[in-house]
Structures are given as C-alpha cells and as structure tokens.
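What follows is the residue order along each chain.
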Amino acid sequence: MSVSTAALDSSVCAPLPVLGQDVTVPLVTGGEVTYAALDYAASAPALQRVWDDVAAYAPYYGSVHRGAGYLSQLSTDLFENSRRTVAEFLGCRPEDQVVFTRSTTDSLNLLAAAIPANCQVFVYETEHHASLLPWRDAQVTYLNAPRTQGQAVETLERALAGRDPYGPALVCVTGASNVTGELWPVRELAAAAHAHGARIVLDAAQLAPHHPVDIAELDVDWVAFSGHKLYAPFGSGVLAGRADWLQAAEPYLAGGGASRKVARRADGGVDVDWHTTAARHEAGSPNVIGVYSIASACKALTEAGFDNLVAREQELVSRVREGLAEVPEVQVLSLFGDDAPRVGVISFVVRGWNSSHFAAALSAEYGIGVRDGLFCAHPLVRTLLGSDPQDPGECGAPEAEPGERSLNAIRVSFGAGTPDEHIDRFLRAVTELVREGAQWKYRTEDGRCVPDRGEAPQV
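My aim in this report is to walk through the structure given alongside it, one point at a time.

The rules behind these values
Residues numbered from 1 in each chain as written. Predicted model: local features only at pLDDT ≥ 70, side-chain atom pairs only at ≥ 80, totals over all residues. Heavy atoms only, no water. Patch = residues over 30% accessible without salt bridge, like charges linked within 9 Å, V, L, I, M, F, W, Y side chains within 5 Å. Areas by Shrake-Rupley, 256 points an atom, 1.4 Å probe, with all protein chains shown as cover. Salt bridge = Lys/Arg side-chain N within 4 Å of Asp/Glu carboxyl O. Buried < 20%, exposed > 50% of the residue type's maximum accessible area, 1.4 Å probe, protein only. Core = buried A, V, L, I, M, F, W, Y, C linked by side-chain atoms within 4.5 Å. Helix = DSSP H or I, 4+ residues; strand = E, 2+ residues; numbered from the N terminus. Contact = heavy atoms within 4.5 Å. Axes fitted to C-alpha atoms, helices over the stretch in contact; angles between N-to-C directions. Parallel < 35°, antiparallel > 145°, perpendicular 65-115°, else oblique. Nonpolar A, V, L, I, M, F, W, Y, C, P; charged D, E, K, R; others polar. Phe/Tyr/Trp six-rings, centres within 6.5 Å; stacked < 30°, edge-to-face > 60°. Pairing = 2+ DSSP bridges.

## A few points about a nonpolar patch on the surface
Alright, step 1. Among the surface-exposed residues, Tyr 60, Tyr 70 and Leu 71 lie close enough to one another that they form a single nonpolar patch of about 340 Å² accessible area.
Alright, step 2. Note on Tyr 70: relative accessible area 62%, which makes it exposed.

## A word on the nonpolar core
Alright, step 1. Counting 85 residues, the largest nonpolar core has Leu 90 and Phe 225 as its most contacted members.
Alright, step 2. Ranked by the residues each element gives to this core, the list is headed by helix H9 (residues 288-304), at 8 residues.
Alright, step 3. Discounting residues that sit within four places of it in the chain, Phe 225 has contacts with Val 86, Leu 90, Ser 103, Thr 104, Ala 204, Ala 205, Ala 208, Leu 230, Gly 237, Val 238 and Ile 294.
Alright, step 4. If you look at the next biggest cluster of nonpolar residues, it comprises 36 residues, including Phe 358, Ala 360, Phe 414 and Phe 426.

## Here we look at the pattern of salt bridges
Opposite charge on two side chains makes pairing possible when the charged atoms of those side chains draw close.
Alright, step 1. Following the criterion strictly, the structure yields 24 salt bridges and no others.
Alright, step 2. Residue Arg 242 pairs with Asp 244 through a salt bridge whose shortest N-O separation is 3.5 Å.
Alright, step 3. Owing to a relative accessible area of 29%, Arg 242 belongs among the partly exposed residues under this scheme.
Alright, step 4. By relative accessible area, which is 31% here, Asp 244 ends up partly exposed.
Alright, step 5. Of the charged contacts in the structure, one is a salt bridge between Arg 448 and Asp 372, with a shortest N-O distance of 3.0 Å. Of this pair, Arg 448 sits in strand S19 (residues 448-451) while Asp 372 is found in strand S16 (residues 371-373), placing the two residues 76 residues apart along the sequence.

## Overview of the packing of helix H10 (residues 306-325) against helix H13 (residues 420-436)
Alright, step 1. The interhelical angle for the contact between H10 and H13, taken along N-to-C directions, is 10°, at an axis separation of 10 Å. Between H10 and H13, the crossing angle belongs to the class labelled roughly parallel. Between H10 and H13, the residues in contact are Arg 312, Leu 316, Arg 319, Val 320, Gly 323 and Leu 324 and Asp 420, Ile 423, Asp 424, Phe 426, Leu 427 and Val 430, respectively.
Alright, step 2. Classifying every residue of the contact of H10 with H13 by side-chain character gives 7 nonpolar, 1 polar and 4 charged.

## Things to note about the packing of aromatic side chains
Here a ring pair, both rings aromatic, is described through the centre-centre distance and the interplanar angle of the planes.
Alright, step 1. Enumeration according to the criterion identifies 12 aromatic pairs in this entry.
Alright, step 2. Relative to Tyr 61, the ring of Tyr 57 has its centre 6.5 Å away and its plane inclined at 65°; by these criteria the two rings are edge-to-face.

## Considerations on the sheet that holds strand S17 (residues 409-413)
Two pairing modes exist for strands in a sheet, parallel and antiparallel, and in both the strands are linked by backbone hydrogen bonds.
Alright, step 1. Overall, antiparallel pairing links the 4 strands, which are arranged S13-S14-S17-S16 in an open sheet. Single-partner strands in this sheet number two, and they are strand S13 (330-332) and S16. The sheet shows a mean angle of 30° between the axes of neighbouring strands, taken without regard to direction.
Alright, step 2. Where S13 meets strand S14 (residues 345-350), 3 bridges bridge the pair, whose relative direction is antiparallel. Residue pairing in the sheet places Gln 331 in a bridge with Val 349 of S14.

By themselves, these observations are geometric and do not establish any function.
If you want it as structure tokens, here you go:
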C-alpha cells in the first residue's frame with residue numbers, strides 16, 4: 001500500500017472545517033489560547049459537514065424499520081442509503097454485507113462471535129487491544145512484532161504453513177498502527193492468508209480516516225472501523241465484508257430486528273427464524289444518527305478529494321518528523337524504520353521526562369491536546385520502549401512523579417482538520433519544554449499528572 005507524498009499548495013487543499021476549531025482553553029500561566037486538538041487517533045473532531053447534515057435530519061428523526069409513519073419511513077430510507085454509501089466508500093464487492101456496530105471493538109467482537117468452531121486465529125502482538133483480545137473462544141497464535149514489512153509477511157507465512165490445513169483460519173491485522181502510524185502491507189498479507197486457506201480481517205480504525213480503503217483492491221475478507229475516528233462521533237462503527245460466516249452464526253444480540261418470525265411451540269418453547277441479512281446482527285433500535293454521521297463523513301472525504309487530503313497530511317507528517325528530529329532528546333518510536341510510509345500518528349518519548357508530565361505541560365502551558373500512555377496497545381509499546389513485558393503500566397499516566405522515567409509514551413496525531421498553526425505550536429512547545437523546562441510545577445493526582453494549583457510557577 002503506497003501513500004502519495006506529492007506536495008500541494010495549501011490553497012489547493014485547505015484543512016476541512018471541524019467542530020471545536022475556535023474553542024479557547026485557559027493556560028495555567030495565564031490567558032487563553034485556541035485549543036490545538038492533536039489527539040485524532042483517539043477521537044477525531046466531527047466535520048462541520050457531518051454536524052450540519054445531522055442537524056438538518058434531526059427534526060425528522062424516527063424509529064428505523066419500526067413503523068408505517070412518514071418519519072419512520074424517511075429514517076429507514078436514510079439508514080439503508082447510509083449502508084450503501086459506506087459500501088461504496090469501502091469498495092465492497094456485490095456479495096458483501098455492511099453491518100453497523102458501536103465501534104471497531106464491537107465489530108471485531110461480533111466477528112469473533114461468528115467464527116466457526118475450531119477456528120485458528122493469527123494476530124500480531126502489535127495490534128490494538130480491540131483486535132488483540134476478542135478471540136477468547138478460538139485457538140489463537142500471537143505473532144512477534146516484525147521489524148520490516150517483508151518480515152511481517154514472512155512471519156505470517158511461516159505461522160500459516162504450520163497450521164491445520166483442513167480447519168478454518170483467520171488473520172487479524174491493522175492497516176495503520178495506532179502507535180507509530182506506520183502502514184502495514186495489507187495486500188501482501190491478504191495474499192499470504194488466502195494462499196494458505198485462511199481469511200483476513202483488516203482493522204482500519206486508524207487507516208480509514210487517513211487513506212482510502214478498498215476491500216476488493218486489498219482483497220481482504222472484512223474491514224472494521226469506527227465513526228468517532230472518521231470525523232463522525234456518535235458511537236457507531238462498521239463491519240463490512242463476507243456474509244457467509246455472519247449468516248451462519250447465531251445473532252450477536254438476540255432481540256427485535258434480528259428476528260424475522262417468532263412463534264410459540266406446542267411444548268411451550270419458542271421457534272425463531274433469524275434474518276440472513278445484516279439485520280441479523282443489528283438487534284434493537286439502530287443508532288440511525290450515528291450511522292448517518294458515518295455516511296456523511298464518507299461523502300465529505302470523498303468529495304473533498306481523498307488523494308489531496310492524503311498529500312496534505314503527508315506534508316504535516318514530514319514537518320512533524322523533521323521538527324522532532326531537531327531535538328536530540330526526542331526518540332520517535334517505529335517498527336519499520338524512518339522510511340516506512342505512515343499516516344498522521346506519531347509516538348515518541350523525551351529523554352529526562354516522564355511522558356505524562358510532558359503531555360500535561362503541553363496541555364496546561366500551550367493548550368495542546370495529545371495522548372500519553374500505552375495507547376491500548378501494551379505489548380507493542382513495551383516492545384518499542386525495550387521494556388520487559390511484565391513491567392507495570394496502564395493506558396493513561398502511571399503512578400510516577402514528574403521527571404521520573406515512565407514506561408509509556410506521548411502520541412501526537414492529526415488529520416484532515418488540522419491547521420498548520422497547531423503543528424507549528426506543537427513543535428515550538430516541544431523545543432521550549434526540552435530546552436527550558438516546564439514553567440509550572442506538577443503533581444500526580446488519581447494517576448494523572450496535573451498542574452499543582454497551589455504552587456507558584458517555576459522561575
């Protein structure tokens with residue numbers, strides 16, 4: 001999978017309007033500043049286009065698949081049209097299904113519940129917990145972190161060559177790392193999986209917001225992603241791909257909407273005829289607003305010109321990496337090396353700094369929001385930091401004082417709505433904090449590093 005790095009003039013591809021771009025936040029040192037949201041990998045701000053579309057629909061909200069009234073019929077049409085929009089956005093094949101879920105985590109747990117008995121699952125230790133942990137009822141092989149894209153393919157081929165050739169098998173892999181932003185060789189991994197009779201699911205949570213995803217072109221069996229990372233918060237996600245395992249499995253949730261017919265038996269029991277469409281795994285009243293917001297985001301990204309958005313983001317990636325490289329104390333984390341293609345997700349540590357302290361200072365003194373911790377990818381971050389797998393550490397700040405070495409990292413992430421000024425401010429802040437230190441004193445409170453409001457600023 002390649003990413004264009006062609007430079008574009010900012011007038012050709014300006015940042016997309018997002019909610020919150022004019023929000024101001026207080027600084028602990030006094031005054032206010034426009035908030036720099038650089039935590040897109042956790043939740044991207046909603047596109048203004050998405051918000052406007054949802055606001056226009058809101059007065060017409062009605063229950064989906066549940067009524068003969070005009071608003072119900074309108075909402076049902078909008079819901080199913082959104083399904084078609086997402087299928088087109090993902091390049092789905094004619095026989096593929098698009099199932100709406102709550103998130104990437106929900107999507108992969110749904111698939112885990114639908115895999116056949118005795119299915120062998122192969123997953124790299126580098127995965128986000130959403131794709132590392134759902135396979136509790138399967139025979140799971142955890143693959144060691146590869147250090148090149150080629151090694152990733154070789155590792156998978158060796159593992160698949162030793163599997164039971166007659167049983168079902170599934171490979172789960174990320175498209176872009178939520179820690180390093182590096183792109184994985186999805187097409188090559190799919191070819192290796194299929195050559196050994198296995199299927200493959202792509203965790204596109206970090207890929208879909210930054211790069212076009214085409215199921216048919218990549219030749220993957222399923223794709224999972226979340227709306228809240230695709231500029232469409234509201235608690236919706238997608239699982240799209242092959243229908244056979246989903247149709248053969250028991251419904252993910254039992255209830256209304258998943259059933260076509262329910263009848264009492266003479267012995268007092270109940271017979272149920274379940275849907276074979278996507279509705280089989282969409283029991284309950286669907287989140288029509290969340291689904292519509294995903295479809296709106298898909299349209300917005302497509303109409304804006306995804307290639308232009310990718311090119312602009314690559315300019316920002318280059319600026320951040322070049323800026324961080326000028327600060328010797330900063331170590332950028334990477335699996336595949338400096339030349340690996342990546343999206344706008346970069347993690348790093350700063351020599352002499354606790355990562356939570358550094359992130360807190362970015363927020364309190366510069367109005368910059370980043371993430372610190374293990375990013376729900378504990379094995380990967382520990383591997384990248386060279387720490388023992390048994391070392392303590394959690395998602396979020398550890399119980400460590402400012403200045404102590406931490407076993408976590410700092411992540412800066414950005415995308416289609418990021419202004420140039422946010423990147424410039426971030427790089428200036430990193431340089432100033434490393435060179436001059438924090439202006440304020442900090443302490444640990446409930447596991448978080450926070451400004452000590454009772455202390456005067458450092459001089």
